Amino acid sequence: MEKNDQEGYVLVFVMILFFIMAVICTASLNTAFLERKQSQYDFDVKQAEQAAEAGVAWTQEAIYACLVAHRQEEALPPTAVASCGPVPLGPNGSASYSVEEPGAVLEAEEESSCIYKFICLGKGMRSQYRTVIKCEFNYINRYEIDRYGKKVFKGRQFEDSGEVVSFQVLYY
């Protein structure tokens with residue numbers, strides 16, 4: 001009769017193999033978890049960024065509407081849009097934007113254009129995106145000469161609905 005000298009070496013080999021497979025599985029699960037977490041973070045940042053961009057578009061249109069409403073006044077409004085928010089976005093309101101204090105204020109005024117500046121904050125589930133925006137609005141001032149030869153302001157005609165000329169991200 002032959003003697004079997006293995007005496008459990010197969011069992012030890014199988015145990016080491018199972019240990020190596022368990023380590024690989026744990027590393028794979030950890031990697032999958034981290035990728036999911038990174039994906040969620042990216043989604044939150046994009047959501048906050050898009051909310052801020054929606055706030056910028058809304059504020060630009062609101063500034064234009066204010067300027068058109070005051071086109072018969074020679075002085076431009078010092079504050080075209082008051083601070084507001086948070087304004088919820090989406091079906092469940094998981095994102096929002098707000099226009100921070102002091103709102104959209106007149107920063108520069110020239111003969112045929114003006115610039116309004118405001119800070120817009122977009123929020124996602126767990127992230128924020130704050131931007132400083134400057135919008136330029138071009139216009140033509142209309143004047144008439146009165147019977148004494150003096151220029152009299154008659155109104156302002158806007159050539160466009162504004163353009164973002166500066167978009168500075170403060171932080172994510």
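Scroll up to find the structure.
So, here's what we can say about the structure. (Residues numbered from 1 in each chain as written. Predicted model: local features only at pLDDT ≥ 70, side-chain atom pairs only at ≥ 80, totals over all residues. Heavy atoms only, no water.)

**A look at the packing of aromatic side chains**
Right, on to step 1. Applying the stated criterion across every chain, the model contains 5 aromatic pairs.
Right, on to step 2. When the centroid spacing of 6.3 Å and the interplanar angle of 75° are considered together, the rings of tyrosine 116 and phenylalanine 137 count as edge-to-face. In this pair, tyrosine 116 is assigned in strand 5 (residues 113-123) and phenylalanine 137 in strand 6 (residues 128-145), connecting sequence segments 21 residues apart. The burial state of tyrosine 116 is the same as that of phenylalanine 137; both residues are buried.
Right, on to step 3. With 5.7 Å between their ring centres and 70° between their planes, tyrosine 139 and phenylalanine 158 make a pair best called edge-to-face. Note that tyrosine 139 is positioned in strand 6 and phenylalanine 158 in strand 7 (residues 151-158), a separation of 19 residues in sequence.
Right, on to step 4. Ring pairs connect the aromatic residues Tyr64, Tyr139 and Phe158, which therefore count as one cluster.
Right, on to step 5. Sitting over the ring of tyrosine 143, lysine 151 keeps its end group 4.5 Å from the ring centre.
Right, on to step 6. A cation over a ring is seen here: arginine 156 above tyrosine 139, with NZ or CZ 5.0 Å from the ring centre. (Phe/Tyr/Trp six-rings, centres within 6.5 Å; stacked < 30°, edge-to-face > 60°. Helix = DSSP H or I, 4+ residues; strand = E, 2+ residues; numbered from the N terminus. Buried < 20%, exposed > 50% of the residue type's maximum accessible area, 1.4 Å probe, protein only. Lys NZ or Arg CZ within 6 Å of the ring centre and 35° of its normal.)

**Some details on the environment of methionine 125**
Right, on to step 1. Note on placement: methionine 125 falls in the loop between strand 5 and strand 6.
Right, on to step 2. Taking the relative accessible area as the measure of exposure, methionine 125 reaches 49% and is therefore partly exposed.
Right, on to step 3. In sequence terms methionine 125 and alanine 95 are 30 residues apart; their C-alpha atoms lie 6.5 Å from each other.
Right, on to step 4. Sequence-distant contacts of methionine 125, that is, excluding residues within four places in its chain, are made with Asp44, Gln47 and Ser94. (Contact = heavy atoms within 4.5 Å.)

**Comments concerning the pattern of salt bridges**
Right, on to step 1. Counted by the stated rule, this structure contains 6 salt bridges.
Right, on to step 2. Taking the shortest distance from any N to any O, the salt bridge between arginine 126 and aspartate 44 comes out at 3.2 Å. Note that arginine 126 is positioned in the loop between strand 5 and strand 6 and aspartate 44 in helix 1 (residues 9-69), a separation of 82 residues in sequence.
Right, on to step 3. Ionic pairing is found between glutamate 49 and lysine 46, a salt bridge with its closest N-O pair at 4.0 Å. Here the residue glutamate 49 and the residue lysine 46 both occupy positions in helix 1, the gap between them amounting to 3 residues, near one helical turn.
Right, on to step 4. Among the residues examined, lysine 46 registers a relative accessible area of 49% and is labelled partly exposed.
Right, on to step 5. One connected set of salt bridges, linked through shared partners, spans Glu107, Lys117 and Lys134. (Salt bridge = Lys/Arg side-chain N within 4 Å of Asp/Glu carboxyl O.)

**With respect to a nonpolar patch on the surface**
Right, on to step 1. Together, Val10, Phe13, Val14, Leu17, Phe18 and Met21 give the surface a local cluster of nonpolar side chains, amounting to about 570 Å² of exposed area.
Right, on to step 2. Positionally, phenylalanine 13 belongs in helix 1. (Patch = residues over 30% accessible without salt bridge, like charges linked within 9 Å, V, L, I, M, F, W, Y side chains within 5 Å. Areas by Shrake-Rupley, 256 points an atom, 1.4 Å probe, with all protein chains shown as cover.)

**Let's talk about unusual backbone geometry**
Right, on to step 1. Residue glycine 85 is joined to proline 86 through a cis peptide bond whose omega torsion reads 5°.
Right, on to step 2. Here proline 86 is to be found in strand 2 (residues 84-89).
Right, on to step 3. Of note, the amide linkage connecting glutamate 101 to proline 102 takes the cis form, showing an omega dihedral of 5°.

**Topic: the side chain of asparagine 141**
Right, on to step 1. Checked against the element boundaries, asparagine 141 lands in strand 6.
Right, on to step 2. Exposure remark for asparagine 141: the relative accessible area of 17% places this residue in the buried category.
Right, on to step 3. From its side chain, asparagine 141 meets the backbone oxygen of glutamate 111 in a polar contact 3.3 Å long.
Right, on to step 4. Here the side chain of asparagine 141 touches arginine 156 through a polar contact of 3.0 Å, side chain to side chain.
Right, on to step 5. The contact partners of asparagine 141, leaving out residues within four places of it in the chain, are Glu111, Phe153, Gly155 and Arg156. (Polar contact = N/O pair within 3.5 Å; in protein donor to acceptor, adjacent residues only side chain to side chain.)

**Examining the nonpolar core**
Right, on to step 1. Ile63, Leu67, Cys114, Tyr116, Phe118 and Phe137 are the most contacted members of the largest nonpolar core, which has 19 residues in total.
Right, on to step 2. Taken together, the elements giving at least two residues each to this core come down to helix 1, strand 1 (79-81), strand 3 (95-99), strand 5 and strand 6.
Right, on to step 3. Sequence-distant contacts of isoleucine 63, defined by excluding residues within four places in its chain, comprise Ala80, Val81, Ala104, Tyr116, Phe118 and Phe137. (Core = buried A, V, L, I, M, F, W, Y, C linked by side-chain atoms within 4.5 Å.)

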